[in-house]
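Residue-level structure breakdown
Residues per chain are reported as follows:
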Amino acid sequence: MTQAPNVSGALETSDRVASHLHPEGSFDVADHPVPSGKEEWWRFTPMRRLRGLQTDAPFAAGGCTVTVQAPAPATVSQVSIDDPVTRESGFAPTERVSARAWNAVDEATLVDIPAEAELDQPIYLRHTGNGSDVATAGHAVIRAGRHSKATVVLEFSGSATVADTVQVIAGDGAQLTVVAMLEWADDAVHHSAQHIKVGRDAKVKHAVLTFGGDLVRVPVSVDYDGPGGDVELLGLYYADEGQYLEHRIFVDHAKPNCKSDALYKGALQGKGARTVWVGDVLIRKAAEGTETYEMNRNLLLTEGARADSVPNLEIETGEIAGAGHASATGRFDDEQLFYLLSRGIPEPVARRLVVRGFFGEILLRLGVPDVVERASAIIERELAVTGN
Amino acid sequence: MATLDIRDLHVDVVTETESKEILKGVDLTVSSGETHAIMGPNGSGKSTLAYSLAGHPKYQVTSGSVTLDGEDVLAMSVDERARAGLFLAMQYPVEVPGVSMSNFLRTAATAVRGEAPAIRTWVKEVKQAMKDLDITEEFADRSVNEGFSGGEKKRHEILQLELLKPKIAVLDETDSGLDVDALRVVSDGVNKYKADSDGGVLLITHYTRILRYIHPDKVHVFAGGKIVESGGPELAEELENNGYLRFTSGKPAAV
Ligand SMILES: Nc1ncnc2c1ncn2[C@@H]1O[C@H](COP(=O)(O)OP(=O)(O)OP(=O)(O)O)[C@@H](O)[C@H]1O
Ligand SMILES: [Mg+2]
């Protein structure tokens, strides 16, 4: 690193990093000043609701109970934070919350999938919050060996205030699905920095499903370790009254002939329901033959909800296979509703049809049956909340 | 035997800034087995009548009455009207992304019939109706009206007519945007509905050509928000030859 310590929101001008949204990281908390909320990176986040995660809120152990289900030959173990595996993905915190989370733990949970292992059942890490009064830090590293095939589901429920780090390392030719299922109670706060390193010819599907929580913020970043990597980033969020849900993706295309395809969809209902999606895809000079697409769609089901959507695409080479981005935020359309009603369909059924249809595409692409089933059930429950 | 009775219907269109009277006293009775054609110049209020009958929230009934077999239609919600046996084939059918045509049709049929149709007979019924209307099977998996051509949308409106079998059907310019072959297919569909269900049809159109395939019992001329003249099929011939000039206080008609 040749640059001065990272300052979130600063314009980055080194040769290697041209993306001003994503300055280089540092493991030292002192390198990350307390954000005011005016920085580009934080500009949407209601800082006061972060419960001091961004300043000095102390971390305590035991905030979450974790249960593990890992079919052989996969293993789940605790490793020292100084174990080289924690540096393998290339991730380094780019803001204060993640830097604090990194330094607050002595150990990381390592999910290890041996090379060439093919798991026919998902690995589950189930986190249950025991209360939101004291903050908890967490760290998970998911390493899929070369040519392995596996699905890992990280579940979060209950009450908690959490800052964590999730690192995903997909070896060459691995086929890995990672799902973060956030079913937090209404008072939870969760900041989750997730990073994926994609090996040569590896195929990674990453999904974030966010339902609960008072404030949830999930920045996901992707690096490629060789050509031929293929990443699908999926997101589904459903914000109720008063909830703030922020999702960000940063895909750094620095290797040739890689793919990225991001689709995030959100529904909002109730006063003060708020969501933010920021997508950033950077195609560097070396990344010839890149194919990328990012899309965010939001559905406002009631008055008083607000969705922000910012897709960015930075292209530094002309030799790409295809690049696109799109974003759309729409109200639940009165004309659509009228059309369905005019065919005799009662209003609650009509609304359900439209919302199910809206999320159907994500769930279909996600394709992890157990998760899809539960997400569908939660969506039905959410629809029932407003009597829709 | 069903009867739709429209009496002295006055309707305002409500926009964000104002509300304006469009229908100025419409009287019309349509019974089972009858076909009424309504013809009139652009902007005369034909679609307003159609939407008002279906209960579109933009159109506010200020006075008059609409009954179906004596039941107060105006007191019913949009979906209740459809379940009571009213159907509107829209001039501009709405796209509903993410909802498949097959799911939509089944949900609508379940609502209108009061119970879910048995799967096996339902699949057959839909397939046959689609075939009759020259609709290929792939449409079943597509989102409702999304990316359909004008003609494809109109065929699907008639497909819904076939499957929902209403007592009274209002067809708003179902013929516009159809080529001659499609016009014949769609007309056959309407005639089949009439024969099978003994339905009453209110056919709104600009052109007489569809009346060669669907024979009206009555023709009404619509101008300035009401029916200004009624007659038999011969009235359509006169309109074909002379336009609406004589009904629009001397102003040239936009046909
Ligand atoms: N939603 C609306 N907002 C504003 N004005 C409207 C609306 N709907 C109808 N109008 C106005 O009401 C009048 C009648 O419109 P309507 O669509 O009923 O006519 P039409 O006879 O169906 O015309 P066309 O033959 O072109 O289909 C027009 O002046 C139209 O501009
Ligand atoms: Mg019209």
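Residues numbered from 1 in each chain as written. Chains lettered and ligands numbered in written order. Predicted model: local features only at pLDDT ≥ 70, side-chain atom pairs only at ≥ 80, totals over all residues. Heavy atoms only, no water.

**Details of the environment of Thr208(B)**
All names here are of chain B. Tracing the sequence through the fold places Thr208 in the loop between strand 10 (200-205) and strand 11 (218-223). Thr208 sits in the buried class, given a relative accessible area of 8%. Residues Thr208 and Thr3, 205 residues apart in the sequence, show an inter-C-alpha distance of 25 Å. Apart from the residues lying within four places of it in its own chain, the contact partners of Thr208 are Met39, Ala236 and Glu240. Within polar-contact distance, the side chain of Thr208 engages the side chain of Glu240 at 2.4 Å. (Helix = DSSP H or I, 4+ residues; strand = E, 2+ residues; numbered from the N terminus. Buried < 20%, exposed > 50% of the residue type's maximum accessible area, 1.4 Å probe, protein only. Contact = heavy atoms within 4.5 Å. Polar contact = N/O pair within 3.5 Å; in protein donor to acceptor, adjacent residues only side chain to side chain.)

**Things to note about the site of ligand 1**
Residues and elements named next belong to chain B. In the vicinity of ligand 1 there are 16 residues, among which Asn42, Lys46, Ser47, Thr48 and Tyr59 approach most closely. At a separation of 2.8 Å, an oxygen atom of ligand 1 approaches a polar side-chain atom of Lys46. For ligand 1, whose unbound accessible area comes to 630 Å², protein coverage reaches 70%. In terms of residues, the shell around ligand 1 owes the most to one element, helix 1 (residues 46-54), which gives 3 residues. (Near = heavy atom within 4 Å. Areas by Shrake-Rupley, 256 points an atom, 1.4 Å probe, with all protein chains shown as cover.)

**Some thoughts on the sheet that holds strand 10 of chain B**
Note: strands within a sheet are paired through backbone hydrogen bonds, in either parallel or antiparallel orientation. Residue and element names in this part refer to chain B. The sheet built from 6 strands is open, its strands ordered 6-9-10-3-11-12 with mixed pairing. Of all strands in the sheet, those with a lone pairing partner are strand 6 (86-89) and strand 12 (226-231), marking the two edges. Here the strands of the sheet are splayed against their neighbours by 20 degrees on average, with no regard to which way each runs. As paired strands, strand 11 and strand 12 are joined by 5 bridges and run antiparallel to one another. Its bridge partner lying in strand 12, Phe222 is registered against Ile227. Each of strand 3 (35-39), strand 9 (168-172) and strand 10 is contacted by helix 6 (residues 180-197), which is oriented at about 160 degrees to strand 10, the strand it contacts most. (Pairing = 2+ DSSP bridges. Axes fitted to C-alpha atoms, helices over the stretch in contact; angles between N-to-C directions.)

**Some details on the sheet that holds strand 2 (residues 19-31) of chain B**
Residues and elements named next belong to chain B. With respect to topology, 4 strands assemble into an open sheet ordered 2-1-4-5, the strand pairing being antiparallel. On the outer flanks of this sheet lie strand 2 and strand 5 (71-72), each paired with one strand and no other. Running at roughly 110 degrees to strand 1 (residues 3-14), helix 1 makes contact with strand 1, strand 2 and strand 4 (59-68) of the sheet.

**Re the coordination of the magnesium ion (ligand 2)**
Each pair of donors in an ideal octahedron of six around a metal sits at 90 or 180 degrees, and each pair in an ideal tetrahedron of four sits at 109.5 degrees. Residue and element names in this part refer to chain B. For the magnesium ion (ligand 2), the full set of protein donor atoms is Ser47 (OG) and Gln91 (OE1), and the range of their distances to it is 2.0 to 2.2 Å. Taken together, the residues Ser47 in helix 1 and Gln91 in the loop between strand 6 and strand 7 (96-100) connect sequence positions 44 residues apart. In this pair, the class of Ser47 matches that of Gln91, namely buried. (Donors = N, O, S within 2.8 Å, 3.2 Å for Na, K, Ca; no water.)

**Quick look at the pattern of salt bridges**
Any two side chains of opposite charge can pair, on the condition that their charged atoms come close. If you walk through the whole model with that rule in mind, you get 37 salt bridges over all chains. With its nearest N and O atoms 2.7 Å apart, the salt bridge here joins Glu246(A) to Arg248(A). Look at Glu246(A) and you get buried, because its relative accessible area is 0%. Classification of Arg248(A) by relative accessible area gives buried; the value is 4%. For Asp5(B), the salt bridge goes to Arg7(B), with nearest N and O atoms at 3.0 Å. Classification of Asp5(B) by relative accessible area gives partly exposed; the value is 23%. Judged by relative accessible area, which is 35%, Arg7(B) ranks as partly exposed. Taken together, the salt bridges that share partners define one network made up of Arg126(A), Glu155(A), Glu183(A), Asp370(A) and Arg374(A). (Salt bridge = Lys/Arg side-chain N within 4 Å of Asp/Glu carboxyl O.)

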